[in-house]
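Structural features, examined
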Amino acid sequence: MRKLRWTLVAPIAACLVLALTWHRSLGWLLLAIVAAALIAAVFAAVHHAEVVAHRVGEPYGTLILALAITVIEVALIVSLMLSGGPGASELARDTLFATVMIVCNGVVGLCLLAGSLRHHVLEFRALRSPPPDRSTRLRSSPFAGVMSLALYAVMVFVQTVRHRDYFLPVGVAGEEHAPP
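How each quantity is defined
Residues numbered from 1 in each chain as written. Predicted model: local features only at pLDDT ≥ 70, side-chain atom pairs only at ≥ 80, totals over all residues. Heavy atoms only, no water. Helix = DSSP H or I, 4+ residues; strand = E, 2+ residues; numbered from the N terminus. Buried < 20%, exposed > 50% of the residue type's maximum accessible area, 1.4 Å probe, protein only. Areas by Shrake-Rupley, 256 points an atom, 1.4 Å probe, with all protein chains shown as cover. Polar contact = N/O pair within 3.5 Å; in protein donor to acceptor, adjacent residues only side chain to side chain. Axes fitted to C-alpha atoms, helices over the stretch in contact; angles between N-to-C directions. Left-handed = near helix turned anticlockwise from the far one by under 90°. Contact = heavy atoms within 4.5 Å. Nonpolar A, V, L, I, M, F, W, Y, C, P; charged D, E, K, R; others polar. Expected span 1.5 Å × (residues − 1). pLDDT = per-residue confidence, 0-100.

Across its full length, the protein carries six helices and zero strands. Residues classed as buried in the protein amount to 13% of the 180 residues present. Looking at the protein as shown, the accessible area adds up to about 14,800 Å², and 72% of this sits on carbon and sulfur atoms.

Dropping the structure here:
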């Protein structure tokens, strides 16, 4: 008989915990159990995505992992929004804004740290143009969305078609294009 793995047990246990605690008032102990079950289920999902990504290989494996993480994040945001409460409708916007700010500030912070370690003194000039009025921001939002989608499509095309060999492990690109 095959031994049960935690990656199979965790999602099933999380579903049971969810079913048993659905529409109940959670105390601290139940909240800790629900949180642990959720974390275990997310880790199991990421593990399964990594296994599939490894079997598929690069560069598609990277896209599978990115898609898995995106689906998990969206599912968590939607579940929080569906739980209701005041401010639930703004939760998706605020969460994505926080993620973007953390990533952008992290990149800027790492660049400042690396620059200061190398050059010891950095020059920083904050130039700001007048803020646009609300009508300009609303008109530019669809443009920003379309451009973001276009840039993502170009990145996927480059990673999977045009320069696929750049994203393969060393030695794999030459072997793949070798005649049979």
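Anyway, onward from the coordinates.
Now for the side chain of Thr-160. Among the structural elements, Thr-160 can be located in helix 5 (residues 134-162). For Thr-160, a relative accessible area of 10% translates into the label buried. Polar contacts involving the side chain of Thr-160 include one to the main-chain carbonyl oxygen of Val-156, which spans 2.6 Å.

Two numbers describe how helix 3 (residues 60-82) lies on helix 4 (residues 91-119): the axes approach to 9 Å, and their chain directions differ by 145°. In the crossing of helix 3 with helix 4, the sense of the turn from one axis to the other is right-handed. Between helix 3, through Glu-73, Ile-77, Leu-80 and Met-81, and helix 4, the contact on the second element is made entirely by Leu-91, Ala-92, Thr-95, Leu-96 and Thr-99. Residue composition of the contact of helix 3 with helix 4, by class: six nonpolar, two polar and one charged.

Turning next to helix 2 (residues 28-56). Two residues of an α-helix separated by three or four positions point the same way, owing to the 3.6 residues in each turn. Over its 29 residues, helix 2 extends 42 Å from the first C-alpha to the last, a length consistent with the 42 Å expected when each residue adds 1.5 Å. All of the buried residues along helix 2 are Ala-37, Ala-41, Ala-44, Ala-49 and Ala-53. Of the surrounding elements, those touching the buried residues of helix 2 are helix 1 (6-21) and helix 3. Count one or two residues on from helix 2 and you reach Gly-57, which has phi positive near 90°.

Bringing the confidence of the model for the protein into the picture now. Taken residue by residue, the protein gives an average pLDDT of 78. The fraction at 70 or more is 79%. Averaged pLDDT values for the elements of the protein fall to 52 in helix 6 (residues 172-176) and rise to 92 in helix 1.

Let us look at the environment of Cys-15. Positionally, Cys-15 belongs in helix 1. Note: C-alpha distance between Cys-15 and Leu-38 (23 residues apart in sequence) is 9.1 Å.

Attention now moves to the side chain of Arg-164. Inspection of the secondary structure assignment puts Arg-164 in the loop between helix 5 and helix 6. A relative accessible area of 17% places Arg-164 in the buried class. For Arg-164, the side chain forms a polar contact with the main-chain oxygen of Glu-58, separated by 3.1 Å.

Between its first and last C-alpha, helix 4 extends 41 Å over 29 residues, near the 42 Å set by a 1.5 Å rise per residue. Count one or two residues on from helix 4 and you reach His-120, which has phi positive near 70°.

Further remarks concern the packing of helix 1 against helix 2. Relative orientation of the contacting elements helix 1 and helix 2 amounts to 145°, with a least axis distance of 8 Å. Of the two possible hands of crossing, helix 1 and helix 2 adopt the one that is left-handed. Contact with helix 1, carried on its side by Trp-6, Thr-7, Leu-8, Ala-10, Pro-11, Ala-14, Val-17 and Thr-21, involves Leu-30, Ile-33, Val-34, Ala-37, Ala-40, Ala-41, Phe-43, Ala-44, His-47 and His-48 of helix 2 and no other residues of that element. For the contact of helix 1 with helix 2, the per-class residue count stands at 14 nonpolar, four polar and no charged.

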